[in-house]
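Okay, here's what each chain looks like letter by letter:
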Amino acid sequence: MSYTLWTNLRLAPGADPAHAVEDACLVEQDGRIAWMGPRAHLPARWSGPDQEHELGGRWVTPGLIDCHTHLVYGGNRAEEFALRLAGASYEEIARQGGGIVSSVRATRALDEETLLAQSLRRLDALLDEGVTAIEIKSGYGLDLESERKMLRVARRLGELRPVTVRTTFLGAHALPPEYAGRSDDYLNLVCEDMMPALAAEGLIDAVDVFCERIAFDLPQSERVFQAARTLGLPVKMHAEQLSNLGGSVLASRYRALSADHLEYLDEAGVLAMKQAGTVAVLLPGAFYFLRERQLPPIELLRRHGVPMALSTDSNPGTSPCASLLLVLNMASTLFRLTVPEALAGVTRHAARALGDPDITGELKPGARADFVAWDVDSLAELVYWLGLPRCALVVRHGRISRDLRKGAA
Ligand code: DI6
Ligand code: FE
């Protein structure tokens, strides 16, 4: 079977600057890594490749993974942003029927093609920075037809572009206006109608719930988890973002893939997550955009060895962010993550939050050949720069998906 040889890499298989292989090469066959290591050790059987690519001594890391996004939505909320700047709080705007619900109106109003086009623009920005896998949530439809439309768009994004898309059903994101004052009725719809129907259509890889004072409480969140369990779907949770409701403990009881946001997480939550193997997904873009002051308990997460992932939370209300590299910088400046922690957060720890055994966020024999070559002298530059393009080449499943090297077409 044919194979491709990639040569002259500074290879960081786990995106860890301390564990690099100098003058490395990598053999790709059938979209996976067949061999990798120092050039001097290349076995003779791989010495006659069908194709060879020279990477000029560039740093090579695993493809980046954006493990928590609301990438598919209609319109934007720049006007609401302006209101907040004039003094209104996020909770006030949400209570007045703005916030998530205004994006629901905009998303419902779009046909599938327009929604796809608007979402592609954001996806392409992420792909230009080396993203090779992404999670995309529903949750701006909040009725069967509109949630289906969002999830179909998410799936189509993965067909149109060289990226692995994992879909998450977030029907329990907010109460749609037609169910005002009837949240339990809406949850019946989410758990008994929408979730089973969309799961049967193969549109759901995982289920999420926004557990918060302005969204769904603990018993309601547990209902969502039970419905997911009945369908054999893994769960995750928007937990302790604006207050501590104990959502992360509940999520851990359901062996959640991740609990996300976590600014108000306490030690009991940290311990529960550790025990369950639940990933802590930190979202510094939302922290920044909301001008939050409560920091997630980074030191506790570190001390107890809970894996920390980082993601854009790309959404119209609290993180209109289409740059995972910018999130790396925010995680270090705002949350004080180290360079190795930040890089693990968008590779192997993010992979765990996706729950797809085929996406490991690491380069090793047998793994998908999803990797990025960078125009940097040190991997710290991936965290350091604000807005400077650094991605030279993106390879997904062994094929060049982006070539941004100087002089490349
Ligand atoms: N938490 C968030 O930060 C976003 N959703 C969520 O559950 C906010 C979504 C929005 O305001 O549109
Ligand atoms: Fe979110």
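Note that the structure is predicted; figures quoted are calculated from it, not measured.

Trainee: So what's going on with the packing of helix α6 (residues 183-200) against helix α7 (residues 218-230)? Residues and values would help.
Mentor: Contact pair α6 / α7: the axes reach a minimum separation of 10 Å and the direction vectors enclose 10°. When the interaxial angle is binned, α6 and α7 end up roughly parallel. Counting all contacts with α6, which are made through Ser-183, Asp-184, Leu-187, Asn-188, Cys-191, Glu-192 and Met-195, the residues of α7 involved are Gln-220, Arg-223, Val-224, Ala-227 and Ala-228. Of the residues in the contact of α6 with α7, the class split is 6 nonpolar, 3 polar and 3 charged.

Trainee: So what's going on with the pattern of salt bridges? Which residues, and what values?
Mentor: Evaluation of the coordinates by the stated rule reveals 25 salt bridges. Its salt-bridge partner being Glu-222, residue Arg-253 comes within 3.6 Å of it at the nearest N-O pair. Here Arg-253, found in helix α8 (residues 247-253), pairs with Glu-222, found in helix α7; they are 31 residues apart in sequence, far enough to count as distant. Here Arg-253 falls in the exposed class, since its relative accessible area comes to 52%. Between Asp-403 and Arg-405 there is a salt bridge, and its shortest N-O distance comes to 2.9 Å. Asp-403 gets classed as partly exposed once you look at its relative accessible area, which sits at 26%. Overlapping salt bridges, with partners in common, bring together Glu-112, Glu-113, Arg-152 and Arg-156 in one network.

Trainee: Describe in detail the environment of Glu-222, supporting the description with residues and values.
Mentor: Each C-alpha atom of the pair Glu-222 and Pro-177 lies 22 Å from the other, and the pair is 45 residues apart in sequence. Those residues in contact with Glu-222 that lie beyond four places of it in its chain are Leu-250, Arg-253 and Tyr-254.

Trainee: Account for the coordination of the iron ion (ligand 2), naming residues and giving values.
Mentor: Within the protein, His-68 (NE2), His-70 (NE2), His-238 (NE2) and Asp-313 (OD) serve as the donor atoms for the iron ion (ligand 2), at 2.1 to 2.3 Å. Binding-site remark: the iron ion (ligand 2) is held by donors from one chain whose sequence spacing is H-x1-H-x167-H-x74-D. Its relative accessible area of 0% is what places His-68 among the buried residues.

Trainee: Provide a residue-level description of unusual backbone geometry, including the pertinent values.
Mentor: The phi dihedral of Ala-15 is positive, around 60°, even though this residue is not glycine. Here Ala-15 is to be found in the loop between β1 (4-11) and β2 (21-29). Look at Ala-15 and you get buried, because its relative accessible area is 2%. The phi dihedral of His-397 falls on the positive side, at around 50°, and the residue is not glycine.

Trainee: Give a detailed account of α7, specifying residues and quantitative values.
Mentor: If you check α7, its first and last C-alpha atoms are 18 Å apart, about what 13 residues at 1.5 Å a residue would give, namely 18 Å. Regarding α7, the residues found buried are Gln-220, Ser-221, Val-224, Phe-225, Ala-227 and Ala-228. What you see down the axis of α7 is that its buried residues fit within an arc of 160°, all on one side. Projecting away from the buried face of α7 at angles above 90 degrees are the exposed residues Pro-219, Arg-229 and Thr-230. Those residues of α7 that are buried lie in contact with β7 (164-172), α6, β8 (206-210), β9 (235-239) and α8. Taking the backbone nitrogen of Gln-220 as reference, a side-chain oxygen 2.9 Å away marks Asp-217 as the first, capping residue of α7.

Trainee: Talk me through the sheet that holds strand β13 (residues 371-374); I want residue IDs and the actual numbers.
Mentor: Reading across from one edge, β3-β2-β1-β4-β13-β14-β15 is the order of the 7 strands in this open sheet, with mixed pairing throughout. Whereas interior strands pair on both sides, the edge strands pair on one side only; in this sheet they are β3 (32-38) and β15 (399-403). Across the sheet, the mean angle from the axis of one strand to that of its neighbour is 35°, orientation sign disregarded. Across 7 bridges, the pairing between β1 and strand β4 (residues 51-62) is parallel. The residue bridging Leu-5 from the neighbouring strand is Glu-52, located in β4.

Trainee: Describe the side chain of Gln-29, listing the residues and the values that go with them.
Mentor: On the secondary structure map, Gln-29 appears in strand β2. A distance of 2.9 Å separates the side chain of Gln-29 from the backbone oxygen of Met-1, its partner in a polar contact. Discounting residues that sit within four places of it in the chain, Gln-29 has contacts with Met-1, Ser-2, Tyr-3, Ala-34 and Trp-46.

Trainee: Describe in detail the state of the cysteines, supporting the description with residues and values.
Mentor: Here, the word disulfide means a covalent bond between the sulfur atoms of two cysteines. Counting across every chain of the model gives 0 disulfides. Cys-191 takes part in no disulfide bond, and the closest cysteine sulfur, belonging to Cys-211, lies 14 Å away. Take Cys-191: its relative accessible area is 9%, and that puts it in the buried class. Here Cys-391 stays free of any disulfide, with the sulfur of Cys-321 as its closest cysteine sulfur at 16 Å.

Parameters and conventions
- Every chain is numbered on its own, with residues counted from 1 as its sequence reads.
- To read the labels, note that chains go from A and ligands from 1, taken in the order they are written.
- For a predicted model such as this one, the threshold for reporting local features is a pLDDT of at least 70, and the threshold for listing and counting side-chain atom pairs is 80 or more; totals across whole chains, interfaces and linings nevertheless cover every residue.
- Calculation of side-chain values draws on the structure's entire complement of heavy atoms; hydrogens and water are dropped beforehand.
- Lines fitted to the C-alpha atoms define the axes, with helices restricted to the stretch that makes contact. Angles between their N-to-C directions range from 0 to 180 degrees.
- Helix and strand definitions here come from DSSP, where helices need a minimum of 4 consecutive H or I residues and strands a minimum of 2 consecutive E residues; each element is numbered from the N-terminal end.
- Angular relationships are summarised with four words: roughly parallel below 35 degrees, roughly antiparallel beyond 145, roughly perpendicular across 65 to 115, and oblique for the angles in between.
- Note on contacts: a residue pair is in contact if any heavy atoms of the two residues lie within 4.5 Å.
- In the scheme used here, Gly and all other residues not listed as nonpolar or charged are polar, with Ala, Val, Leu, Ile, Met, Phe, Trp, Tyr, Cys and Pro taken as nonpolar and Asp, Glu, Lys and Arg as charged.
- For this analysis, a salt bridge means a side-chain nitrogen from Lys or Arg found within 4 Å of a carboxyl oxygen belonging to Asp or Glu.
- Categorising residues by exposure relies on relative accessible area from a 1.4 Å probe, with only protein chains included: less than 20% of the type maximum marks a residue as buried, more than 50% marks it as exposed, and the intermediate range marks it as partly exposed.
- For Na, K and Ca the donor cut-off is 3.2 Å, and for all other metals it is 2.8 Å, counting N, O and S atoms only; because water is absent from this set, sites may look incomplete.
- Take the number of residues in a helix, subtract one, and multiply by 1.5 Å to get its expected span.
- Each direction from the helix axis to a C-beta atom contributes to the arc, which is the arc of those directions.
- A 3.5 Å cut-off defines polar contacts: any pair of N or O atoms within that distance qualifies, except that in protein one atom must be a possible hydrogen donor and the other a possible acceptor, and neighbouring residues in sequence count only when both atoms are side-chain atoms.
- Two strands pair under a simple rule: DSSP has to find at least two bridges between them.
- The term disulfide is used for any two cysteine sulfur atoms that are within 2.5 Å.

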